[in-house]
Amino acid sequence: MKIKNEVRYALQIIYYLTLHRDKDIISSNEISAEENIPRLFCLRIIKKLEKAGVVKIYRGAKGGYVLTRDPKRLTFRDIIEIIDDDIVLQPCIDSQTICSTRGADCSIRTALKKIQDDLLEDFDKINFYDLVEKNTGLSV
């Protein structure tokens with residue numbers, strides 16, 4: 001399993017916006033440069049984050065971005081699902097179409113379901129407030 005660059009960049013963008021919540025507005029140029037994200041890719045990701053209500057976009061010459069959600073209530077899972085829709089290790093886990101080989105009692109499906117549930121729980125435990133505070137000592 002590999003997290004796509006788009007997801008990783010989205011996590012970086014939210015981390016950066018959380019880290020700099022004291023600023024009024026942060027430009028895409030600043031985010032791109034500081035987080036080493038291609039600018040056009042950054043803009044596309046921010047548009048998805050805005051559509052999901054996580055980021056507010058201010059247009060114009062002095063425009064930029066602001067985090068709109070409380071970073072204490074914004075988790076890795078939230079961001080991953082905004083960018084990638086669902087986190088599914090294997091389609092048979094959440095599908096109505098159960099394994100065609102072993103049926104509803106497939107032990108491989110059961111094991112993968114547990115791993116997926118544990119992974120989702122771990123993603124839910126990581127919020128951006130704690131991440132920034134733990135790694136920088138700053139209270140945001």
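Residues numbered from 1 in each chain as written. Predicted model: local features only at pLDDT ≥ 70, side-chain atom pairs only at ≥ 80, totals over all residues. Heavy atoms only, no water.

S.K.: Is there a simple way to think about the packing of helix H3 (residues 39–51) against helix H4 (residues 76–84) in this case?
M.R.: Where H3 contacts H4, the two axes come as close as 10 Å, and the packing angle between them is 110°. Here H3 lies roughly perpendicular to H4, going by the angle between them. Only Ile79, Ile82 and Ile83 of H4 make contact with H3, whose side of the interface consists of Ile45, Lys48 and Leu49. Looking at side-chain class alone, the contact of H3 with H4 contains five nonpolar, no polar and one charged residues. (Axes fitted to C-alpha atoms, helices over the stretch in contact; angles between N-to-C directions. Helix = DSSP H or I, 4+ residues; strand = E, 2+ residues; numbered from the N terminus. Parallel < 35°, antiparallel > 145°, perpendicular 65-115°, else oblique. Contact = heavy atoms within 4.5 Å. Nonpolar A, V, L, I, M, F, W, Y, C, P; charged D, E, K, R; others polar.)

S.K.: Whenever I open this one, the layout of surface pockets confuses me. Can you help?
M.R.: Of the volumes computed, that of the largest pocket is approximately 200 Å³. Contributing to the lining of the largest pocket are 14 residues, with Ser28, Leu43, Ile57, Tyr58 and Tyr65 lying nearest its centre. Ranked by residue count, the leading element in the lining of the largest pocket is H3, at four residues. (1 Å grid on protein atoms, 1.4 Å probe; cavity = no way out; pocket = protein on both sides within 12 Å on 5 of 7 lines; lining within 4 Å. Points joined across faces, edges and corners; volume = space filled by probe spheres on them.)

S.K.: Help me out: how do you make sense of the pairing of strand E2 (residues 64–67) in this one?
M.R.: In regular strands, side chains alternate between the two faces of the sheet. Relative to E2, strand E1 (residues 55–58) runs antiparallel, the two being bridged by four bridges. Within the sheet, the bridge partner assigned to Lys56 lies in E2 and is Val66. In this antiparallel pair of consecutive strands, E1 and E2, the connection spans five residues, and Gly60 shows a positive phi of 110°. (Pairing = 2+ DSSP bridges.)

S.K.: Would you explain the packing of aromatic side chains in this entry?
M.R.: One pass over the structure, following the stated rule, counts two aromatic pairs. With a centroid separation of 5.3 Å and an interplanar angle of 90°, the aromatic rings of Tyr9 and Phe41 are classed as edge-to-face. Remark: Phe41 occurs in helix H3 and Tyr9 occurs in helix H1 (residues 5–19); sequence separation between them is 32 residues. Aromatic pair Phe76 and Phe128: ring centres 5.4 Å apart, planes at 35°, arrangement tilted. Residue Phe76 is found in helix H4, and its partner Phe128 is found in helix H7 (residues 128–136); the two are separated by 52 residues along the sequence. Here the two residues Phe76 and Phe128 agree in accessibility, since each one is buried. Of note, Lys56 hangs over the ring of Tyr58, and the distance from its end group to the ring centre comes to 5.1 Å. Positioned above the aromatic ring of Tyr129 is the side chain of Lys72, whose terminal nitrogen or guanidinium carbon lies 4.6 Å from the ring centre. (Phe/Tyr/Trp six-rings, centres within 6.5 Å; stacked < 30°, edge-to-face > 60°. Buried < 20%, exposed > 50% of the residue type's maximum accessible area, 1.4 Å probe, protein only. Lys NZ or Arg CZ within 6 Å of the ring centre and 35° of its normal.)

S.K.: Any chance you could explain the environment of Leu17 here in plain terms?
M.R.: Relative to the elements of secondary structure, Leu17 occurs in helix H1. Overall, the relative accessible area of 2% leaves Leu17 in the buried class. Spatially, the C-alpha atom of Leu17 lies 6.7 Å from that of Val66, the residues being 49 residues apart in sequence. Sequence-distant contacts of Leu17, defined by excluding residues within four places in its chain, comprise Ile26, Ile31, Val55, Tyr65 and Leu67.

S.K.: Is there a simple way to think about the side chain of Glu6 in this case?
M.R.: Here Glu6 lies in helix H1. Judged by its relative accessible area of 11%, Glu6 falls in the buried class. In this structure, Glu6 is in contact with Phe41, Arg44, Ile45, Lys48 and Ile83, ignoring residues within four places of it in sequence.

S.K.: Honestly, H1 in this entry has me stumped. Any pointers?
M.R.: The end-to-end C-alpha distance of H1, which contains 15 residues, comes to 21 Å, matching closely the 21 Å that a straight helix rising 1.5 Å per residue would cover. When you tally the buried positions in H1, you get twelve out of 15 residues, the bulk of the element. Buried residues of H1: Glu6, Val7, Tyr9, Ala10, Leu11, Gln12, Ile13, Ile14, Tyr15, Tyr16, Leu17 and Thr18, and no others. Of the surrounding elements, those touching the buried residues of H1 are helix H2 (28–35), H3, E1, E2, H4 and H7. (Expected span 1.5 Å × (residues − 1).)

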